[in-house]
Structures are given as C-alpha cells and as structure tokens.
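Given next are the chains, with one letter for each unit.
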Amino acid sequence: MLSVHTIRRICAAIDAFSVTFIAATLSRSRKKTDLSVLANESNNPENFPTIAACKAAVLNKHHKLEPQVVRESSSTNTVSDRLPISEPAIVKLKAEKDPEKLFHLFKSNAYNRLVVENRFAFEDTVSCLAGARRYDLIEHLLEHQKTLPQGLREGFNVRIIMLYGKAGMPDHALQTFHQMHLFGCPRTVKSFNATLQVLSQARRFDDAHTFFSQCANKYGIVLDEISYNIVIKSMCEMGSLDSAYLVMVEMEKAGLKPDVVTYTTLMSAFYKHGRREIGDGLWNLMVLRGCSPNLATFNVRIQFLINRRRAWKGNDLTHLMCKAGIQPDEMTYNLIIKGFCMIGELEMAKRVFYAMQGRGCKPNRKIYQTMVHYLCEGGNFDLAFRLCKDSMDKNWFPSVGTIEKLLKGLMSTSKNRNAREIMKLVKKSSWIGC
C-alpha cells in the first residue's frame, strides 16, 4: 500500500505534465507578432544595446531635427524682414505737421481704439487742423467719427461737441447735438451742458439763452446745477447781472440748491461792476444757507478789498481762510502783496513774500513782477536786483518799463556791475518784452 507522501509526489508529477502539454499546444498554434520578435531579440545578449549605440541614436535624432528648426527660423526671419515693425499710430500723429497727411493718417486709424479712445490724440489733431484753418478737414474727420460704432455713445458725442467748440465751430457743435438721435445716441443733460458751454465760450450769449430756454423742454432734458451755472456766467459776461440773479431764483424754484460756483460767479460780477452791497449780500446769503466759500470765493472778495485799497482787511481774510482749512494760493498772495505795495507798505509786502515761501507756496511770474516793480518805485534797488535776477534765472522777465527803471536806479546808486549783469541776462535770452 502506497504511503501518503508517495501519493502526493505522483499527483504533483501529473499536474506538471498537464501544464507542460497545454503550453506546448498553445505555442504551436499562436502566430508570432512583432512584439514577440522584439522580445526574442532582446533575450539575445548579442542584440542588447550598448552605451555607444545609445549615444549614436541620440546624435542621429538631433541631426534629423536640425534642418526643420533651421527651416522654421529662416522662414520667420524672412517674414520679419518682409514686415518691418512700424511706429505706433499715436507717435506718428504727434510727429506729423502737414494738415493733409495728418488728416489721412487719423482717418486711416478710425477703428484703432488706441487712437479713437485717446482724448489727447483727438485734441492735438483738431488743434493742428484748426491752426492751419482747415475747417473742412475737421468737419470731414469728426462727421466720419459719428458714423462709427463709438458714435452710439453719448460721451463720445460730447467729445465731438467740445472739439467743435475748441476749433471755433459752434454751429457744427449745435448741429451735432440736434442730430444725435440719427446715430442712435440718446441725449441727456451731459450733452446739453456741453453744447451750452460751447455757445457760451463762443460768446454767443443770445443763442445760449435760447438754447437753454427752448431745447431743454423740446428734448425732455432735466437740467442740473451745471446748466444753470453756465447760463448765469454767460449773463454776467453780457452785463445782465439782474437777469443772472433771477436765473438763480429760478434755479431754486426748480428744486436745485445754488452751490459755491453760483455764488462766486455772481459775487465776482457784482463786485466788478461796483455793486458792493449786492456782492456783500450774496456773501452773507451764502454763509447763512450753509454753503461754505472755497478758494475762488475768497480770492474774489480779497480782490474787491484790494481794489478799494483795503489791504489790511484782505490780509485778515487770509487768516480766516487758514482757519477754515483753505490754503492761500499764488493768486491770493499776489493780491495781498500788491495791496500792501499800493498803500506804500513795502515792509509788509516783503514779509508776506517771504512768509508764502515758508508755507510751501513758491512765487510765480506775477508775484516777481509785482515785487520788482514796487521795490523800484520805493527806491529799494538792491532787493529789486536780487529778485529780478532770480526771476530771470527762471526765464520770467519783468516788463520793459520795470527793467528800465531798475537799470536807471542801479546806475544812479553806482551799482554798474549789477546793471551789466541784468543786461547780460536780457541779451542772453530770446526775450522781447512784455
């Protein structure tokens, strides 16, 4: 009888024979593929790749790729040589001075957003054409812009209206406003105010008043404070001060509160025409209604006080400005300095002159002119010389009469060297005289 160990060995042998037989049958029936061929070749030690073979394969690959790279780079160079980089359109427009060429250059860039959306490019082009009196080119250029996609925007039409105004073509600006609906552009108070401003700046006050009174109702435009302020200013420039005041009353009836621009415009006009009582009344009315004066309002009142030779009162007003948190500017200091000089207070004028520099406000051309003129009047030629030289170094030259008076004063006090220095600065510059 067989033992258990012997039986196990016989079974294992039978299993091994069965597996071998099945594998041999499958290998004979299967066809060899490319993969099996590669596998057989890789099992051959003679066919195994060496390091030298790998290097040769890599070099061969780079060598095959090089002609394609060269062809691509050569074709790129050919294209770049054929299409040279051109200057930006903005640079060309700025450099071009010939009106005809400038017109065609701008028109050819009508769809270039860098040109169309650049406000300065528009202004410089129209200014150049207006300087050459080529109003026909301006009209052609701006009318063509209306037909483009940007003509649908009110802001763009406002720009065209203002450009017509700067070119001295208010009729075209007015026509642009009336024709906005033809290009699918809505009208609001913005385009209305732009047109009103153009008519006022062209001093066509009657047309501005007619436009204000009729077109607002015609197109259903709701007026704002800017609309009323433009009309008030135009009436003040006409000399119709009472009518301007009535416009402010009408403004209040329309539910709009007069602002600091309204009061300042009216105050300046009434003071200029010697109607001090109404000017002072407007100042008091403004303060009572809670409208705080700004720098322009203070300067208007200071100028009125200086014209009435009340420099001390004007100087007190500058202290009130500082307390209100408003810093005086060059115009304020020039008025105060001139006011003290007019009443013979040269020492106070000098104190104000040096104080303004200590407060970070540098003197401008008018302040130098005022100081040098009145210092010569007062016989202080040494300080007048120093200030005149400082002004000339900044290329700010006093008037002919002031320089002549300074030279005579320096010669009379035996300051010939200083006089020669002034003459040298005059001859060195291209100054003709004021």
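Everything numeric here is computed off the predicted structure, so don't read it as measured data.

Asker: Is there a simple way to think about the overall build of the chain in this case?
Answerer: For the chain, the helix and strand inventory stands at 24 helices and 0 strands. With 434 residues in all, the chain has 37% of them scored as buried. At a minimum sequence separation of 6, the contacts of the chain that also span at least 24 residues come to 59%. Working note: accessible area of the chain is about 26,600 Å², and carbon and sulfur atoms make up 57% of it.

Asker: Honestly, the packing of aromatic side chains in this entry has me stumped. Any pointers?
Answerer: Any two aromatic rings considered together are summarised by their centre-to-centre distance and by the angle between their planes. With the rule as written, the count across this model stands at 11 aromatic pairs. Each ring, one from F192 and one from F211, has its centre 4.7 Å from the other, and the planes form 20 degrees; the classification is stacked. Residue F192 is found in helix α11 (residues 189–201), and its partner F211 is found in helix α12 (residues 205–218); the two are separated by 19 residues along the sequence. For the pair F192 and F211, one class covers both residues: buried.

Asker: Explanation requested: the packing of helix α14 (residues 241–253) against helix α15 (residues 260–272) in the structure shown.
Answerer: Any two packed helices are characterised by how steeply their axes cross, that is the angle between the axes, and by the distance between the axes. Axis separation between α14 and α15 bottoms out at 10 Å; the angle between their running directions is 160 degrees. Classified by the angle between their axes, α14 and α15 sit roughly antiparallel to one another. Viewed along their axes, α14 and α15 form a crossing whose handedness is left-handed. Note on element contacts: α15 touches α14 through T262, Y263, L266, A269 and F270, opposite L241, A244, Y245, M248 and M251. Looking at side-chain class alone, the contact of α14 with α15 contains 9 nonpolar, 1 polar and no charged residues.

Asker: Just checking my understanding: could you explain the pattern of salt bridges for this structure?
Answerer: Where charged atoms from two side chains of opposite charge approach closely, those side chains can pair. According to the stated counting rule, one finds 19 salt bridges in the structure shown. Measuring nitrogen to oxygen at the nearest pair gives 3.6 Å for the salt bridge that ties R203 to E237. With R203 in the loop between α11 and α12 and E237 in helix α13 (residues 225–238), this pair connects stretches of sequence that are 34 residues apart. Residue classification places R203 among the exposed residues on the basis of a relative accessible area of 52%. A relative accessible area of 36% means that E237 is categorised as partly exposed. Where E347 meets K350, a salt bridge forms, and the shortest distance between an N and an O atom there is 3.0 Å.

Asker: For this particular structure, what's the right way to read the environment of F385?
Answerer: Inspection of the secondary structure assignment puts F385 in helix α22 (residues 381–393). Sequence-wise, F385 and L407 are 22 residues apart; in three dimensions their C-alpha atoms are separated by 9.0 Å. Residues in contact with F385, not counting those within four places in the same chain, are L406, L410, N418, E421 and I422.

Asker: I would appreciate a short explanation of the UniProt feature "repeat: PPR" (unreviewed entry) in the chain in the present structure.
Answerer: Per the UniProt record, "repeat: PPR" (unreviewed entry) is found at residues 224–258, 259–293, 329–363 and 364–398. Span residues 259–293 is 74% helix and 0% strand, its end C-alpha atoms 9 Å apart. Secondary structure over residues 364–398 splits into 74% helix and 0% strand, and the C-alpha atoms at its two ends are 12 Å apart.

Asker: It is not clear to me how the side chain of S200 should be interpreted in this structure. Could you clarify?
Answerer: With respect to the helices and strands, the residue S200 is situated in helix α11. A residue is classified by how much of its surface remains accessible, and S200, at 8% relative accessible area, is buried. Excluding its chain neighbours within four sequence positions, the residues that come into contact with S200 are F205, A208, I230 and S234.

Asker: Teacher, can you tell me more about the side chain of D280 here?
Answerer: Among the structural elements, D280 can be located in helix α16 (residues 276–288). Assessed through its relative accessible area of 16%, D280 is described here as buried. If we ignore the near neighbours within four places in the chain, the residues touching D280 are Y271, R301 and F304.

Asker: Could you clarify how one ought to interpret the packing of helix α5 (residues 99–108) against helix α8 (residues 135–146) in this entry?
Answerer: Two elements in contact, α5 and α8, have axes separated by 11 Å at closest approach and are oriented at 5 degrees. Of the possible angle classes, the one that applies to α5 and α8 is roughly parallel. Where α5 approaches α8, its residues P99, E100, F103, F106 and K107 are matched on the opposing element by L137, H140, L141, H144 and Q145.

Asker: How do you make sense of the confidence of the model for the chain when you look at a structure like this?
Answerer: When pLDDT drops low, the exact placement of atoms in the prediction is not to be read closely. Of all residues in the chain, 79% attain a pLDDT of 70 or more, and the chain-wide mean is 81. pLDDT under 50 marks residues 29–49. Its contacts with residues more than four places away, or in other chains, come to 2 contacts. Considering only residues more than four positions removed or in separate chains, one finds that residues 61–86, a stretch of pLDDT under 50, has 1 contact.

Asker: Before we go on, may I ask you to explain helix α24 (residues 416–428) in this structure?
Answerer: With 13 residues, α24 should reach 18 Å at 1.5 Å per residue; the first-to-last C-alpha distance of 18 Å fits that figure. Among the residues of α24, those classed as buried are N418, A419, I422, L425 and V426. Relative to the axis of α24, the buried residues are bounded by an arc of 120 degrees and lie together on one face. Exposed side of α24, more than 90 degrees from the buried face: R417, R420, K424, K427 and K428 are the residues found there. Against α22 and α23 (400–412) lie the buried residues of α24.

Asker: Even after reading the chapter, I still don't get the environment of K107, so can you show me in this structure?
Answerer: Looking at the secondary structure, you find K107 in helix α5. Sequence separation between K107 and L142 is 35 residues, and the spatial gap between their C-alpha atoms is 9.6 Å. Discounting residues that sit within four places of it in the chain, K107 has contacts with H140, L141 and H144.

Asker: Got a minute to help me understand the environment of L152 in this structure?
Answerer: Following the sequence through the fold, L152 ends up in the loop between α8 and α9 (154–166). Sequence separation between L152 and F183 is 31 residues; the distance between their C-alpha atoms is 6.3 Å. Dropping the residues within four chain positions of it, L152 is found in contact with F183, G184, C185 and P186.

Thresholds, definitions, all that
- Residues numbered from 1 in each chain as written.
- Predicted model: local features only at pLDDT ≥ 70, side-chain atom pairs only at ≥ 80, totals over all residues.
- Heavy atoms only, no water.
- Helix = DSSP H or I, 4+ residues; strand = E, 2+ residues; numbered from the N terminus.
- Buried < 20%, exposed > 50% of the residue type's maximum accessible area, 1.4 Å probe, protein only.
- Contact = heavy atoms within 4.5 Å.
- Areas by Shrake-Rupley, 256 points an atom, 1.4 Å probe, with all protein chains shown as cover.
- Phe/Tyr/Trp six-rings, centres within 6.5 Å; stacked < 30°, edge-to-face > 60°.
- Axes fitted to C-alpha atoms, helices over the stretch in contact; angles between N-to-C directions.
- Parallel < 35°, antiparallel > 145°, perpendicular 65-115°, else oblique.
- Left-handed = near helix turned anticlockwise from the far one by under 90°.
- Nonpolar A, V, L, I, M, F, W, Y, C, P; charged D, E, K, R; others polar.
- Salt bridge = Lys/Arg side-chain N within 4 Å of Asp/Glu carboxyl O.
- UniProt positions renumbered as here; feature names shortened; annotations may be inferred.
- pLDDT = per-residue confidence, 0-100.
- Expected span 1.5 Å × (residues − 1).
- Arc of directions from axis to C-beta.

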